[in-house]
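This is what each chain is made of:
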Amino acid sequence: MKKIIPVILSGGSGTRLWPLSRQLRPKQFLAIVGEDTLFQSTLKRLQALEGLLDPIIVCNEEHRFMVAEQLRELGIKGHSILLEPIGRNTAPAIALAALLAEQKQLADAALLVLPADHVIKNELALHQAIHQALPLAQSGQLVTFGIVPQCAETGYGYIQHDGAHQVLRFVEKPDKPTAEAYVNSGEYLWNSGMFLFKVSSFLADLQNYAADVLHSCQVALEHPHTDKDFIRINAESFKSCPSISVDYAVMEKAKNVAVIPLDAGWSDVGAWSAVWEVGSKDTQGNVLRGDVLTNQAQNNLVYSEERLVALVGVDDLVVIDTKDATLVAQRDKVQDVKKIVEQLQGQQRSEALLHREVFRPWGSYDCIDGADRFQVKRITVNPGERLSLQMHYHRAEHWIVVKGTAEVRCGDKTMILTENQSTYIPLGEVHQLANPGKVPLEIIEVQSGSYLGEDDIRRFSDNYGRLTESL
């Protein structure tokens, strides 16, 4: 098989899957369907393909540590993680990946472009479609994968084809009667946003139809800065790039576009109703995750992150219970969840941005209690990891070890603490917490002071390159 470079686009926000999906931990990094995250599932379903080269991941800079950790969990090495300083839609994201492949002397390789947040149940059908598309891509055509429609869906764009592989036109999301006409004609497929094309072919068409996008990306990637697993581009150059989808920029204009039909149990899980549709159902049609009990309840989707949730005598509901927010909605109204997110954003509430449990490159913390002038966190530090050397201007901290072994630096002293031991970090004292052991370290941190925000931090050194970041 010819060389194929998987390009995983991981920049989405998934606001319609709130409260599980949030800005700093969007849906692609969550195990919404199955045990793996959507991002991990996207990579795992390619493992049986021959001829695969190391993947290129394009992601938002603030998601970089989640990407690296989830790649580590899969044992995937040799990857490239391209960091976007700001979202600019799919055309610039794919352009960056193509230019990086060109820099690696892989201009004749094929880019297999996949969003990180899709579900595909039939992996064999996907592999067969890729095999079918590869000769077309190698001949210079830009290949898109069109989903065989299962209903007259109004939430997707459509692709009209000639019955073979030639694309006749791309069309926008239709109204219901138009969608029904499309499906009944047999001439239309859903637009999946998945592509296969040769690096050189895509760059040539990008030059022809969206030269400003290509130029901005070329300048942004001219002198990349490699930081651990990450490739950082020139932020100012990339910010000047137009924000445009690859469909608008290239696919709808190019003359060499082909489509391969794909019937593989595909879903973009764009809303909670889609999660219910692809989920494993009980005898009453309920999709249940977590500690959930039902009685005389049918066709519901229930997700409980921590607490017991019980449903009695209700049908067609979506109930999503997280540590700090609960959503209850009619299943046919879940498209409007994004309006709740807009309200949260307008009120600048943290529930739109992050979860109560926040993940960091060294582990995580969970804010379990708090009020005026105090806050309590449960902090988990992974084996061999350490927090930054830091100080706070407005708070003092008391640490109690509940599991594992802690190495604590406080001022000019370093100490080892084990279970049931504690220490005090005075306001303004330089300090650092590390886990020198082989098991996760868990501590309870009690903060006290006049200001307890996460931006009250001054870093002096950091293993993860976060000296200029406030979080």
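Note that the structure is a prediction, hence the values are computed from the model and not measured.

## Considering the overall build of the protein chain
Thought 1: Across its full length, the protein chain carries 11 helices and 30 strands.
Thought 2: Whereas a compact globule of 471 residues would reach a radius of gyration of roughly 23 Å, the protein chain reaches 24 Å, a difference of no more than 12%.
Thought 3: When the backbone C-alpha atoms are referred to their principal axes, the protein chain occupies close to 70 × 60 × 40 Å.
Thought 4: Across the 471 residues that make up the protein chain, the buried fraction comes to 52%.
Thought 5: Both charge centroids of the protein chain, one from 46 positive and one from 59 negative side chains, sit 2 Å from each other.

## What about the sheet that holds strand β18 (residues 317–321)?
Thought 1: A sheet is described by the order of its strands in space; here four strands give the open sequence β14-β16-β18-β19, paired in mixed fashion. Across the chains shown, the open sheet's two edge strands, defined by having one partner strand only, are β14 (287–289) and β19 (326–330). Neighbour to neighbour, the strand axes of the sheet diverge by 5° on average, direction disregarded.
Thought 2: One ladder, built from three bridges, connects β14 with strand β16 (residues 301–304); its direction is parallel. When the sheet's bridge partners are listed, Arg 289 is paired in β16 with Tyr 303.

## With respect to the packing of helix α3 (residues 90–103) against helix α6 (residues 199–209)
Thought 1: It is at 10 Å that the axes of α3 and α6 come closest, and there the two elements cross at 130°. One finds that α3 runs oblique with respect to α6. When you trace α3 past α6, the crossing you get is left-handed. Within the contact between the two elements, α3 uses Ile 94, Ala 95, Ala 98, Leu 99, Ala 101 and Glu 102 and α6 uses Val 199, Phe 202, Leu 203 and Leu 206.

## As for the packing of aromatic side chains
Thought 1: Taken as a whole, this structure holds 10 aromatic pairs when the rule is applied.
Thought 2: Aromatic side chains Trp 190 and Trp 266 sit 6.3 Å apart centroid to centroid with 55° between the ring planes, which places their arrangement in the tilted category. With Trp 190 in strand β9 (residues 188–198) and Trp 266 in strand β13 (residues 266–267), this pair connects stretches of sequence that are 76 residues apart.
Thought 3: The class of Trp 266 is buried, set by a relative accessible area of 10%.
Thought 4: Ring pairs connect the aromatic residues Phe 65, Phe 230 and Tyr 464, which therefore count as one cluster.
Thought 5: Cation over ring: Arg 25 sits above Phe 359, and NZ or CZ is 3.9 Å from the ring centre.

## Regarding the packing of α6 against helix α7 (residues 211–220)
Thought 1: Running from N to C, α6 and α7 point in directions that differ by 120°, and their axes come no closer than 5 Å. The angle between the axes of α6 and α7 places the two elements in the oblique class. Between α6, through Leu 203, Leu 206, Gln 207 and Tyr 209, and α7, the contact on the second element is made entirely by Ala 211, Val 213 and Leu 214.

## Topic: the sheet that holds strand β21 (residues 363–371)
Thought 1: Read from one edge of the open sheet, six strands run β20-β21-β22-β29-β24-β27, paired in antiparallel fashion. The two strands at the open ends of the sheet, each matched to only one other strand, are β20 (357–360) and β27 (422–425). On average, each strand axis in the sheet is tilted by 20° relative to the strand beside it, whichever way the strands run.
Thought 2: Pairing analysis gives four bridges linking strand β24 (residues 395–403) to β27, with the strands arranged antiparallel. Among the inter-strand pairings, Trp 399 is bridged to a residue of β27, identified as Thr 423.

## Description of the pairing of strand β3 (residues 80–84)
Thought 1: Across the five residues of β3, five count as buried, placing the element largely inside the fold.
Thought 2: Because side chains alternate across β3, one face comprises the buried residues Ser 80, Leu 82 and Glu 84, and the other comprises Ile 81 and Leu 83, equally buried.
Thought 3: Across five bridges, the pairing between strand β2 (residues 56–60) and β3 is parallel. In the strand pairing of β3, Ile 56 is matched with Ser 80.
Thought 4: One crossover worth recording links β2 to the parallel β3 by way of helix α2 (residues 64–74), and it is right-handed.
Thought 5: Relative to strand β11 (residues 230–232), β3 runs parallel, the two being bridged by three bridges. If you follow Leu 82 over to β11, its bridge partner there is Ile 231.

## What about unusual backbone geometry?
Thought 1: Of note, the bond from Trp 18 into Pro 19 is cis; its omega dihedral lies within 30 degrees of zero at 10°.
Thought 2: Inspection of the secondary structure assignment puts Pro 19 in the loop between β1 (4–10) and α1 (38–44).
Thought 3: Phi at Gln 105 takes a positive value of approximately 65°, unusual for a residue other than glycine.
Thought 4: Position of Gln 105 relative to the elements: it lies in the loop between α3 and β4 (110–115).
Thought 5: Located in the positive-phi region is Val 269, a residue other than glycine, with phi close to 35°.
Thought 6: As for its position among the elements, Val 269 is in the loop between β13 and α10 (272–278).

## Overview of α2
Thought 1: Of all the residues in α2, the buried ones are Arg 64, Phe 65, Met 66, Val 67, Ala 68, Gln 70 and Leu 71.
Thought 2: Close packing links the buried residues of α2 with α1, β2, β3 and β11.
Thought 3: Downstream of α2 by one or two residues, Gly 75 has phi in the positive range, about 70°.

## So, the nonpolar core
Thought 1: Counting residues in hydrophobic clusters, the biggest one holds 66 residues, and the most contacted among them are Phe 39, Ile 81, Phe 145, Leu 196 and Leu 433.
Thought 2: Here this core takes eight residues from helix α4 (residues 123–138), the largest share from any one element.
Thought 3: Contacts of Phe 39, omitting those with residues within four sequence positions, involve Ile 8, Ser 10, Gln 28, Phe 29, Ile 57, Val 67, Gln 70, Leu 71 and Ala 116.
Thought 4: Core analysis: the next-biggest nonpolar cluster, separate from the first, contains 48 residues, Val 213, Cys 217, Met 251 and Val 259 among them.

## Concerning the environment of Thr 37
Thought 1: Secondary-structure assignment places Thr 37 in the loop between β1 and α1.
Thought 2: Classification of Thr 37 by relative accessible area gives buried; the value is 8%.
Thought 3: For the pair Thr 37 and Lys 27, spaced 10 residues apart in the sequence, the C-alpha separation amounts to 8.3 Å.

Reading the values: rules and limits
- All residue numbers here refer to positions counted from 1 along the written sequence of the relevant chain.
- The predicted nature of this model means local features are confined to residues of pLDDT at least 70 and side-chain atom pairs, given and counted, to a pLDDT of 80 or more, with totals for whole chains, interfaces and linings taken over all residues.
- Heavy atoms from the whole structure form the basis of all side-chain values; hydrogens and water molecules are not counted.
- Helix and strand labels come from DSSP, where a helix needs a run of H or I of at least four residues and a strand needs a run of E of at least two; each type is numbered from the N terminus.
- Our radius of gyration looks at C-alpha atoms and nothing else; its globule reference is 2.2 Å times the residue count to the power 0.38.
- In this scheme, a residue with accessible area under 20% of its type's maximum is buried, one over 50% is exposed, and one in between is partly exposed, where area comes from a 1.4 Å probe on protein chains only.
- In this charge count, Lys and Arg are treated as positive and Asp and Glu as negative; neither His nor the chain ends contribute.
- Where a charge lies is defined by one atom per residue type, namely NZ (Lys), CZ (Arg), CG (Asp) and CD (Glu).
- Two strands form a pair only when DSSP identifies at least two bridges running between them.
- Orientation is described by axes fitted as lines to C-alpha atoms, over the contacting stretch for helices, and by angles from 0 to 180 degrees between their N-to-C directions.
- When describing relative orientation, an angle under 35 degrees is termed roughly parallel and one over 145 degrees roughly antiparallel, while 65 to 115 degrees is termed roughly perpendicular and anything else oblique.
- Two helices cross in a left-handed way if the nearer one is turned anticlockwise from the farther one by less than a right angle. They cross in a right-handed way if the turn is clockwise.
- We call two residues contacting when some pair of their heavy atoms lies within 4.5 Å.
- Pairs were defined over the aromatic rings of Phe, Tyr and Trp, the Trp ring being its six-membered one, requiring ring centres within 6.5 Å. Orientation was assigned from the angle between planes: stacked under 30 degrees, edge-to-face over 60, tilted for the rest.
- Placement of a positive charge over a ring is assigned whenever Lys NZ or Arg CZ falls within 6 Å of the ring centre and within 35 degrees of the normal to the ring plane.
- By definition, the crossover connecting two strands over a helix is right-handed if that path, from the first strand to the second, turns clockwise as seen with the strands pointing away from the viewer.
- Here, the term nonpolar core denotes a set of buried Ala, Val, Leu, Ile, Met, Phe, Trp, Tyr and Cys residues that are joined through side-chain atoms within 4.5 Å.

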